[in-house]
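Residue-level listing of the chains:
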Amino acid sequence: MSVGAAVRRVRAYGGQFLLLAVLTLVVTLLISGVPRLVNRLAEQGLRAQLNSEPAARRDISYTTNVEPATSRRTAMGDAAERFDALAAEMPPPVRSAVTERWYSVETAAARVVGPDLAARNLLVDMGLRAMPDIQGASTLVEGAWPSETYVPDRPIEVALDVDVAGKLNLRAGSQLRIGNTDDKGKLTDGAPLVVTGLFRPVDRANGIWDGLPQLLRIIEPQGDGQPFVIVGVVAQSPLNKRAAEGWPIQSNWRYRLGVDRIDARELDQLIDGLQVMQRNQPTGLTLTQGADVPLRAFAAQINAVRTLLAVIAAGVLATLAGLIVLAASLAIRRRRSEFALLRARGGGATAGARRSLAESVLVVPVAAVLGWWLGTLVPGAPDPTTPYVIGVTVLVTLALPLATLAVPAGGAGRRDLIRVRPSARRLTVEVSLLLLAGFAAVLLRRRGLTLGEVDPLLVSVPVLLAIAAAVLALRAYPWPLLLVSRMAARTRGSVAFLGTARAGRAAVAAPLVVVVLAIGTAAFCAVVAAGIDASRERAAAQIVPADAVIRGERFAPDTIDELGRLPGVRAVTRVLYQDDERFASDEVGTDAFIEQTDVLLVDGSGLDTVARESEVDLPVPAALRTAAPGSGPLPAIVSPAVAADLTKAGLDDSAFISVQGQRYEFRVAGTQDRFPLLAASASRFVILPWQALPTRTTIPVPTSLLIAGDSLDAEALRVAGDQGQERYQRDGTVTGRDRMIGVTVDTRADVRRDLGEGGANGVLAFGFVAGAAGGTVLGLLAIAFTVLAGARARGQVLSRLRTLGLSRRQWRGLLLVELTPLVAVSVLTGALVGAVLPLLLNPVLGLSAFTSGVPVRVAFEPSLVAAVLALGAVALGFAVAVEALNNRRLRLGEVLRLGEES
């Protein structure tokens with residue numbers, strides 16, 4: 001068998017081999033290119049999420065206690081030695097991610113006094129910090145840097161940030177004294193100190209300035225009679241001297257993880273490394289790090305999306321595999337007479353297969369290599385996909401020889417007849433397939449999944465269920481058509497009868513399976529995407545059950561009225577939240593020995609009004625909404641865990657809980673798993689109706705305010721909230737007059753947008769778009785294969801009927817009647833599979849990582865019906881167009897000379 005002969009046959013059947021080559025190229029391109037694209041999107045999402053966090057969130061910080069130095073070495077020398085040692089002890093994944101490092105030694109803040117401070121009656125404490133490389137990160141504005149040469153009896157030289165110095169009336173040359181104070185706040189043993197220079201940072205975003213307390217900021221007094229706190233820069237030698245004299249010092253070592261050094265594919269190793277560091281803290285050091293929080297959140301998302309992508313990829317690749325089988329079968333069917341003649345001339349049983357293998361080797365490997373190469377051009381980190389590409393290439397190369405071996409030795413028989421009773425072999429295969437699909441589905445639900453891993457069971461279940469659904473559709477497909485055909489036989493005209501009769505006898509087993517796989521994948525993506533979108537709406541409503549929420553510490557009672565006067569505000573209600581409160585069994589406060597819980601005080605009617613005005617679907621329990629002041633216990637909504645504990649303790653009819661120092665009696669009026677304004681992970685809470693509280697001298701003070709309105713100005717709400725807190729503080733209610741933290745304002749629209757952006761949402765969106773679009777396109781291609789598989793047989797029938805007087809209009813009607821059942825059953829079965837798969841897989845996919853912990857609910861979407869009908873119409877039009885183009889390509893006489901072979 002010469003290569004030249006094989007080349008000539010490939011050229012003779014160029015269209016069929018081109019189709020096979022294109023499918024091979026697409027498969028290998030997807031296998032090699034999609035992982036790269038996913039990795040690139042994951043890296044972009046991770047960088048975006050980390051960059052949205054404060055840079056200091058990525059710091060790994062070791063600190064010592066503030067105490068006199070115990071080492072014989074100098075303070076700075078000991079810090080420098082441990083600086084490299086701590087980095088060397090880090091787990092490799094963490095150490096490789098560190099890009100910036102700093103260390104410093106500083107004294108405890110002590111009182112400073114001087115004429116310039118006294119001129120403005122300022123009370124100031126100052127810490128002295130020595131840090132290498134600080135001069136390179138700043139520009140000297142006035143004076144000089146502190147001298148590194150220590151001279152006895154010379155004042156301590158310090159440099160200050162120019163803005164800090166200006167706010168405290170200090171300048172280069174300011175004479176101060178620093179030391180301890182007595183009970184009256186007077187300096188007792190002060191040392192002379194002089195401000196030698198003022199500096200300004202070159203880049204305030206440089207991590208060197210993020211050490212706490214910060215060099216560039218003044219720590220405001222925490223209450224009346226409290227000092228301002230600042231930090232000044234000193235040289236290393238003077239600090240070593242002060243440490244040797246017994247001044248309390250604290251050493252700090254900070255290592256910042258670089259955004260570009262963190263690989264999204266190795267997040268688990270990095271998180272594990274941070275856990276190891278947390279467990280194995282060096283003696284005498286305190287480790288502080290917050291990098292694991294955003295990394296864990298992103299890891300949960302990326303693990304969930306990789307699992308979801310495995311499901312989508314399984315459907316797409318299985319569809320492509322089916323298309324390759326259909327292409328090979330169609331190619332061999334067109335050459336059936338050639339292989340039958342080869343056998344008749346003395347060729348062996350494998351002669352045709354060897355010929356097909358030689359032809360396939362000329363085409364498939366070249367297409368596979370081209371597809372793999374194109375995949376490597378996709379930007380992104382590669383995955384080890386070469387073995388999969390090689391395996392796919394081998395399987396596709398064998399597709400044509402295996403299809404050739406399936407050709408009957410005696411040539412073609414009639415293919416337009418369907419047995420009423422299937423053969424025992426086929427029945428056994430179909431029943432086994434149904435049992436296998438059912439067993440795999442049950443096992444998947446009972447065993448669960450490890451998110452982020454490509455589980456063979458997860459990959460196989462959607463494919464098996466789609467094939468099983470297609471088998472059931474094939475079993476049921478002919479019976480309705482048989483009934484319709486019998487009814488059509490009693491009517492006038494031949495179009496309906498002939499069309500339904502031919503549709504019922506059509507052999508569509510393999511094409512139907514492929515169409516169901518493709519449409520099922522597209523529908524699955526659409527249903528899950530709709531479920532996640534709806535769940536994000538619920539999550540946003542749980543976080544902000546209004547148009548906006550102002551969160552603070554405590555607000556003056558008139559803040560509600562002030563907010564009501566702002567433009568666009570329609571309704572305002574109050575909320576009080578406290579965490580970790582204990583239960584009491586009586587009014588005197590006897591501990592009920594029940595685990596602590598969160599307490600939420602809400603105005604039931606006000607919450608209902610705000611939710612309704614904000615168009616939030618929030619059914620407020622009647623026990624909260626209708627509660628009124630009375631003599632008995634307050635009706636409360638509690639979590640199931642709290643309800644079980646109260647029942648066990650015999651306190652479900654009467655228990656006490658403390659709210660802002662006041663003890664209130666309540667009874668369980670209902671239970672709920674979740675409640676708005678509480679974290680999704682909150683499992684222990686008690687909700688009390690504010691409007692039903694008994695009248696007392698001390699009244700509760702709201703900690704949050706819910707606002708309903710249109711076009712709300714977040715800045716105006718923030719200002720009103722801060723003013724409300726200031727008025728509450730001015731009333732003198734707060735002991736010590738501690739300064740309150742500024743309020744935060746969140747709108748439901750912003751929360752909803754944040755849930756759909758950032759993190760791994762880019763990968764998720766890509767998966768849905770690619771799955772839906774790819775499934776739809778491949779489904780249409782599978783329908784085209786289905787049409788082409790019987791095109792010659794239909795062409796012969798239609799050509800004969802045209803010679804018997806069938807008009808062109810009747811011919812179009814006959815074609816439409818014959819193809820409509822096929823397209824309808826394919827699309828509807830695929831859509832049904834796509835709608836059922838999310839119900840089965842949703843509990844094990846971990847998609848709540850994209851909805852702030854709110855469980856994703858997959859429900860019936862009315863829009864899916866419209867989409868299926870539109871897709872069915874498009875598919876039917878596409879099928880008719882393919883048939884028409886094919887019939888135009890074949891002339892009437894040529895079709896009639898083709899004989900009965902199809």
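Counting restarts for each chain, with residues numbered from 1 along the sequence as it is written. Given that the model is predicted, a residue must reach a pLDDT of at least 70 before its local features are reported, and side-chain atom pairs must reach 80 or more before they are shown or counted; all residues, however, enter totals for whole chains, interfaces and linings. Excluding hydrogens and water, the side-chain values take into account all heavy atoms of the structure.

Trainee: Which residues make up the side chain of S174, and what values go with them?
Mentor: Strands are runs of DSSP state E lasting at least two residues, helices are runs of H or I lasting at least four, and both sets are numbered from the N terminus onward. Here S174 shows up in the loop between α6 (162-167) and β7 (175-179). Any pair of N or O atoms that falls within 3.5 Å is considered a polar contact. Within protein, one atom must be able to donate a hydrogen and the other to accept it, and sequence-neighbouring residues count only if both atoms are side-chain atoms. Only 2.7 Å separates the side chain of S174 from the side chain of D116, close enough to count as a polar contact.

Trainee: Requested: an account of the side chain of Q660, with residues and values cited.
Mentor: Tracing the backbone shows Q660 in the loop between β17 (655-659) and β18 (662-671). In this structure the side chain of Q660 is engaged in a polar contact, spanning 2.8 Å, whose partner is the backbone nitrogen of V701. By the convention used here, residues are in contact when the closest approach between their heavy atoms is within 4.5 Å. In this view, Q660 contacts R554, L576, Q578, I699, P700, V701 and T703; residues no more than four positions away in its chain are not counted.

Trainee: Requested: an account of helix α10 (residues 336-344), with residues and values cited.
Mentor: Regarding α10, the residues found buried are R336, E338 and F339. Looking straight down α10, one finds its buried side chains confined to an arc of 165°; they lie on one side. Where α10 is buried, its residues contact α1 (3-12), α9 (292-334), α11 (351-376) and α12 (386-405). Looking one or two residues beyond α10, the residue adopting positive phi is G346, at roughly 100°. The buried label applies to any residue whose accessible area, calculated with a 1.4 Å probe on protein chains only, is under 20% of its type's maximum; exposed applies above 50%, and partly exposed to all values in between. To obtain the arc, one takes the directions from the helix axis to the C-beta atoms.

Trainee: Go over the nonpolar core with me, naming the residues and quoting the values.
Mentor: Here, the term nonpolar core denotes a set of buried Ala, Val, Leu, Ile, Met, Phe, Trp, Tyr and Cys residues that are joined through side-chain atoms within 4.5 Å. The biggest cluster of nonpolar side chains holds 167 residues, and the ones touching the most others in it are Y255, L295 and F524. If we ignore the near neighbours within four places in the chain, the residues touching Y255 are R58, D59, I60, Y62, R82, F83, L86, A87, M90, V98, E100 and R101. Membership of the second largest hydrophobic core comes to 28 residues, among which are L618, I637, A708 and V854.

Trainee: I'd like a description of the environment of E818, backed by residues and values.
Mentor: Inspection of the secondary structure assignment puts E818 in helix α26 (residues 808-845). Relative accessible area serves as the criterion here: at 8%, E818 is assigned to the buried category. Separated by 318 residues in sequence, E818 and T500 place their C-alpha atoms 5.9 Å apart.

Trainee: Requested: an account of the packing of aromatic side chains, with residues and values cited.
Mentor: We call Phe, Tyr and Trp rings a pair once their centres come within 6.5 Å, taking the six-membered ring for Trp, and we label the pair stacked below 30 degrees between planes, edge-to-face above 60, and tilted otherwise. Evaluated as defined, the whole model comprises five aromatic pairs. Put simply, the rings of F83, Y103 and Y255 pair up and form one aromatic cluster. When the ring centre of F83 is taken as origin, the NZ or CZ atom of R101, which lies over that ring, is 4.7 Å away. Definition used: whenever NZ (Lys) or CZ (Arg) falls within 6 Å of the ring centre and also within 35 degrees of the ring normal, the charge is taken to sit over that ring. Positioned above the aromatic ring of W247 is the side chain of R242, whose terminal nitrogen or guanidinium carbon lies 5.6 Å from the ring centre.

Trainee: How would you explain the confidence of the model for the chain if you had to name every residue and give the values?
Mentor: Across the chain, the average pLDDT comes to 85, with 90% of residues at or above 70. Under a pLDDT of 50 for its full length, residues 733-738 has, in the predicted model, 14 contacts with residues more than four places off or in other chains. In the model, residues 897-902 has pLDDT below 50 throughout and makes 14 contacts with residues more than four positions away in sequence or in other chains. What pLDDT conveys is the predictor's confidence in a given residue, as a value from 0 to 100.

Trainee: Outline helix α2 (residues 14-52), listing residues and values.
Mentor: In an α-helix there are 3.6 residues to a turn, and that puts residues three or four apart on one side. Taking 1.5 Å as the rise per residue, α2 with 39 residues should run 57 Å; its terminal C-alpha atoms sit 54 Å apart, in good agreement. Considering bend angle alone, the principal kink of α2 is centred on L30 and spans about 30°. To estimate the expected span of a helix, count its residues, drop one, and scale the result by 1.5 Å. The quantity called bend is, for any residue, the angle between two axes fitted respectively to the seven residues ending at it and the seven beginning at it.

Trainee: Outline the layout of surface pockets, listing residues and values.
Mentor: Of the voids in this model, the second largest pocket is the one considered here, and its volume is about 1400 Å³. Along its surface, the second largest pocket is lined by 40 residues, and L30, I31, A313, A314 and L317 are the ones closest to its centre. The set of elements that each furnish at least two residues to the lining of the second largest pocket consists of α2, α9, α12, α14 (456-476) and α24 (761-789). At 15 residues, α9 tops the list of elements feeding residues into the lining of the second largest pocket. Amino acids outside the nonpolar list (Ala, Val, Leu, Ile, Met, Phe, Trp, Tyr, Cys, Pro) and the charged list (Asp, Glu, Lys, Arg) are all regarded as polar, and Gly is one of them. Each residue belonging to the lining of the second largest pocket can be placed in one class, and the counts come to 32 nonpolar, six polar and two charged. The method works on a 1 Å grid over the protein atoms by themselves. A cavity is a set of points holding a 1.4 Å probe that cannot get out, a pocket is an open set with protein on both sides within 12 Å along at least five of seven lines, and residues with an atom within 4 Å of a point line them. Grid points are joined across faces, edges and corners, and a volume is the space filled by probe spheres set on the points.

Trainee: A description of the environment of G136 should follow, citing residues and the corresponding values.
Mentor: Within the secondary structure, G136 is located in the loop between β4 (124-130) and β5 (138-143). For G136 and P201, which are 65 residues apart along the polypeptide, the C-alpha to C-alpha distance reads 9.3 Å.

Trainee: An account of the packing of α9 against α14 is requested, with residue identities and associated values reported.
Mentor: Whenever a helix is involved, its axis is fitted only over the stretch in contact; in every case the axis is a line through C-alpha atoms, and angles between N-to-C directions fall within 0 to 180 degrees. At a minimum axis distance of 9 Å, the contact between α9 and α14 shows a crossing angle of 45°. It follows from the interaxial angle that α9 and α14 lie oblique. Like other packed secondary-structure pairs, α9 and α14 cross with a definite hand, here right-handed. Every residue of α14 that contacts α9 at T307, A310, V311, A314 and A318 is listed here: L458, V459, P462 and V463. Partitioned by chemical class, the residues of the contact of α9 with α14 number eight nonpolar, one polar and no charged. Note that the term roughly parallel is reserved for angles under 35 degrees, roughly antiparallel for angles over 145, roughly perpendicular for angles of 65 to 115, and oblique for everything else. Should the near helix be turned anticlockwise from the far one by less than a right angle, the crossing is left-handed, and should it be turned clockwise, the crossing is right-handed.

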